[in-house]
Amino acid sequence: MTGRVAGSTVSRRRAVFVAGGSAIAGLAVGAGVAGAADNYESDNRPPSYRISPPSPRSGDFGAQVVWRTAGPGVALTFDDGPDPRWTPRILDILAAADARATFFVLRDHVLAHPELVRRAADAGHEIGVHGADHWDMTRLTSVQLDRSMADTKRAVADLVGREPVLMRPPYGRFDAPVLHAARSHDLQLILWSDWLPGRNSASASAALLAQLTPGAVILCHDGRGTPSEQMVSALRTFVPSCVAKGLRLATVSELLAER
């Protein structure tokens, strides 16, 4: 009798403990879900978020976004440079094939490595704006956007003697204020239709080459953490293969002018 009572007491205590633990776990999970919901609301904003240009609003406002061109060639583009680890090697590969590319540069990197910007421009490559740094532009105020684009344009123009006419926002993220700032600085927004990644670059470049068609705008990187040795190795094959396939590698502006 005593054993059964003790056992029952232990069982009841165990049940209470398990139930209490489940309740605590449930609260923890609930808090986690709530936290995830909060993060979702802040990181996945509705389509109407910043859908209108900033005030004051007057006059007409329209902007074109380019993913592909109608030109007869292909545009190879590089983001996040210049970077002394990668940019010189990429310029060598392009020069060997007499190919042209477009480099969307960060102001901070331009100021740190001006000789690489000059080298790219002197070789006939196009220099575009990627921003002062690599902040998500959809999180910048209108004043910050204006300063980022103006400062990057000025840094490039001071080096190469002409202002950029193209821009690409970091991560490809944009909204109405980003478009408005770009147009205010006479910059056309360029995204991409294809991608050559820093990982599994050999197989990715082979697959890309097999389905590549005129007008493609290819995203690649020559700065920050994306470039890799395998990406550079893949470019050594990809660039001359494009030429052999009859796909001229030209700057974005050249292809836009030829459509």
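Heads up: the structure comes first, above all this text.
If you're wondering where the values come from, they're calculated on a predicted model, not measured in any experiment.

The next thing to look at is the overall build of the chain. When you go through the chain residue by residue, the secondary structure sums to nine helices and eight strands. By the burial criterion, 44% of the 259 residues in the chain qualify as buried. Pairs at least 24 apart in sequence give 79% of the contacts found in the chain among residues at least 6 apart. Split by element, the accessible area of the chain, about 13,200 Å² in all, is 57% carbon and sulfur.

Turning our eyes to something else, we now look at the pattern of salt bridges. Evaluated as defined, the whole model comprises 13 salt bridges. A salt bridge links Asp 136 to Arg 173, with the shortest nitrogen-to-oxygen separation between them at 3.2 Å. Of this pair, Asp 136 sits in the loop between strand 4 (126–131) and helix 5 (142–160) while Arg 173 is found in the loop between strand 5 (166–167) and helix 6 (176–184), placing the two residues 37 residues apart along the sequence. Residues Asp 151 and Arg 154 are paired through a salt bridge, measuring 3.1 Å at the closest nitrogen-oxygen approach. Within this pair, Asp 151 and its partner Arg 154 are both found in helix 5, separated by three residues, close to a single helical turn. Several salt bridges converge on common partners, so that one network encompasses Arg 107, Asp 108, Asp 151 and Arg 154.

Within the secondary structure, Gly 172 is located in the loop between strand 5 and helix 6. Taking the C-alpha atoms as reference points, Gly 172 and His 130, separated by 42 residues in sequence, lie 9.8 Å from one another. The contacts of Gly 172, once residues within four sequence positions are left out, are Leu 191 and Trp 192.

Space inside the second largest pocket adds up to approximately 160 Å³. Every residue lining the second largest pocket is counted, 14 residues in all, and those nearest its centre are Asp 80, His 134, Tyr 171, His 221 and Thr 226. For the lining of the second largest pocket, the secondary-structure elements that each account for two or more residues are strand 2 (75–81) and strand 8 (217–221). Of the residues contributing to the lining of the second largest pocket, the split by class is five nonpolar, six polar and three charged.

Strand 3 (residues 101–106) sits mainly inside the fold: six of its six residues count as buried. Residue alternation in strand 3 divides its side chains into two sets, Ala 101, Phe 103 and Val 105 and Thr 102, Phe 104 and Leu 106, and both sets are buried. With five bridges connecting them, strand 2 and strand 3 associate as parallel partners. Following the sheet pairing, Thr 77 is matched in strand 3 by Thr 102. With helix 2 (residues 87–96) bridging strand 2 and the parallel strand 3, this β-α-β connection has right-handed handedness. Summarising the sheet, strand 3 and strand 4 pair through five bridges and their orientation is parallel. From the neighbouring strand, Leu 106 faces strand 4, where its bridge partner is Gly 131.

Calculation criteria
- Residues numbered from 1 in each chain as written.
- Predicted model: local features only at pLDDT ≥ 70, side-chain atom pairs only at ≥ 80, totals over all residues.
- Heavy atoms only, no water.
- Helix = DSSP H or I, 4+ residues; strand = E, 2+ residues; numbered from the N terminus.
- Buried < 20%, exposed > 50% of the residue type's maximum accessible area, 1.4 Å probe, protein only.
- Contact = heavy atoms within 4.5 Å.
- Areas by Shrake-Rupley, 256 points an atom, 1.4 Å probe, with all protein chains shown as cover.
- Salt bridge = Lys/Arg side-chain N within 4 Å of Asp/Glu carboxyl O.
- 1 Å grid on protein atoms, 1.4 Å probe; cavity = no way out; pocket = protein on both sides within 12 Å on 5 of 7 lines; lining within 4 Å.
- Points joined across faces, edges and corners; volume = space filled by probe spheres on them.
- Nonpolar A, V, L, I, M, F, W, Y, C, P; charged D, E, K, R; others polar.
- Pairing = 2+ DSSP bridges.
- Right-handed = clockwise from strand over helix to strand, strands pointing away.

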